[in-house]
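In case you want the letters, here they are:
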Amino acid sequence: MDMNATRIAVVTGASRGAGKGIALALAASGTTVYVTGRTSADGQADLPGTVAQTADEITARGGVGIPVIVDHSDDAQVAALFDRVRSEHGKLDILVNNAIAIPSALTKKGPFWEKPLDLTDLFDVGMRSSYVSSFYAGPLLAANGSGLVVNTSSFGGSCYMHGPAYGAGKAAVDKMAHDMAVDFKPFGVAVISLWMGLLKTERTMAAFAANPAMYEGLAATAESVEFPGRIIDALHRDPSLMERTGQVLVGAEIAQELGVTDVDGNQPPSHRPFLGDPPTFSAAVVE
């Protein structure tokens, strides 16, 4: 892997939240980052942020930000994105599958049958979209002879979190990373699923502000949205990256191992003690 060459990355769902933070963290090393999302102008979404604003900040930080409006429920738009990457750069080094539909009732209390059926939207943009982006990125990554695919995930892949729709979606991208790693391994491309902690996204910070007393303890351990991006950057540079391929990694734990700190210099804690362990998959391969 030639670190003197410009890295090319695609971060999906990067108008705001984790995707934006990851894209910004990757930009610090001069990476060219394609950022995707549906929000092209302020006011289109309930929360602030657009793909152009993220791209501009990437460029201001020393990278090259390229905004691309993509609806990740539309396969043709996703195919066009990677055709553009191929045309403009002929390669891809990092793919971060972060785009996800967040239904408004996701955190509503109660059994799943009392929640709207549109919680299954995250099976499309979230689970399926991670597969589709990886499908179209696959030839570019394989041609490199090295690279990294990251599915952003959470402890919801193992414990009960927000109900069965959310849990199924996260468990799926975890297993997808394991299985894609089998196919990518001969090409030197690593695939991992990254369990992020509670992030200081725009949505989370609004909840903290609305009820500071309730969330005081959680706020103290929350991770910045750039923390996962710092981890991804370090993983891509790690000479032992391929030894981790196919694994579900707890972000806070791998950060400590690689010497990665958050933007404030702190080392966020792992939530494994009370949320549980990542899954262990069989090494068997049935073709």
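Owing to the predicted nature of the structure, the values given are computational and were not obtained by experimental measurement. (Residues numbered from 1 in each chain as written. Predicted model: local features only at pLDDT ≥ 70, side-chain atom pairs only at ≥ 80, totals over all residues. Heavy atoms only, no water.)

**Examining the packing of helix 1 (residues 17-27) against helix 8 (residues 227-237)**
Move 1: It is the contact of helix 1 with helix 8, at a shortest axis distance of 7 Å, that shows an interaxial angle of 45°. With respect to each other, helix 1 and helix 8 are oriented oblique. For helix 1 against helix 8, the interelement crossing comes out right-handed. Together, Ile22, Ala25 and Leu26 of helix 1 and Pro228, Gly229, Arg230, Ile232 and Asp233 of helix 8 make up the contact between the two elements.
Move 2: Tallied by class, the residues present in the contact of helix 1 with helix 8 amount to 5 nonpolar, 1 polar and 2 charged. (Axes fitted to C-alpha atoms, helices over the stretch in contact; angles between N-to-C directions. Helix = DSSP H or I, 4+ residues; strand = E, 2+ residues; numbered from the N terminus. Parallel < 35°, antiparallel > 145°, perpendicular 65-115°, else oblique. Left-handed = near helix turned anticlockwise from the far one by under 90°. Contact = heavy atoms within 4.5 Å. Nonpolar A, V, L, I, M, F, W, Y, C, P; charged D, E, K, R; others polar.)

**Section: the sheet that holds strand 6 (residues 189-195)**
Move 1: A sheet is described by the order of its strands in space; here 7 strands give the open sequence 3-2-1-4-5-6-7, paired in parallel fashion. Of all strands in the sheet, those with a lone pairing partner are strand 3 (64-69) and strand 7 (248-250), marking the two edges. Taken pair by pair, the neighbouring strands of this sheet meet at an average axis angle of 20°, ignoring direction.
Move 2: Here helix 4 (residues 124-144) sits on the sheet and contacts strand 4 (94-97), strand 5 (147-153) and strand 6; the angle it forms with strand 4, its principal contact strand, is near 175°. (Pairing = 2+ DSSP bridges.)

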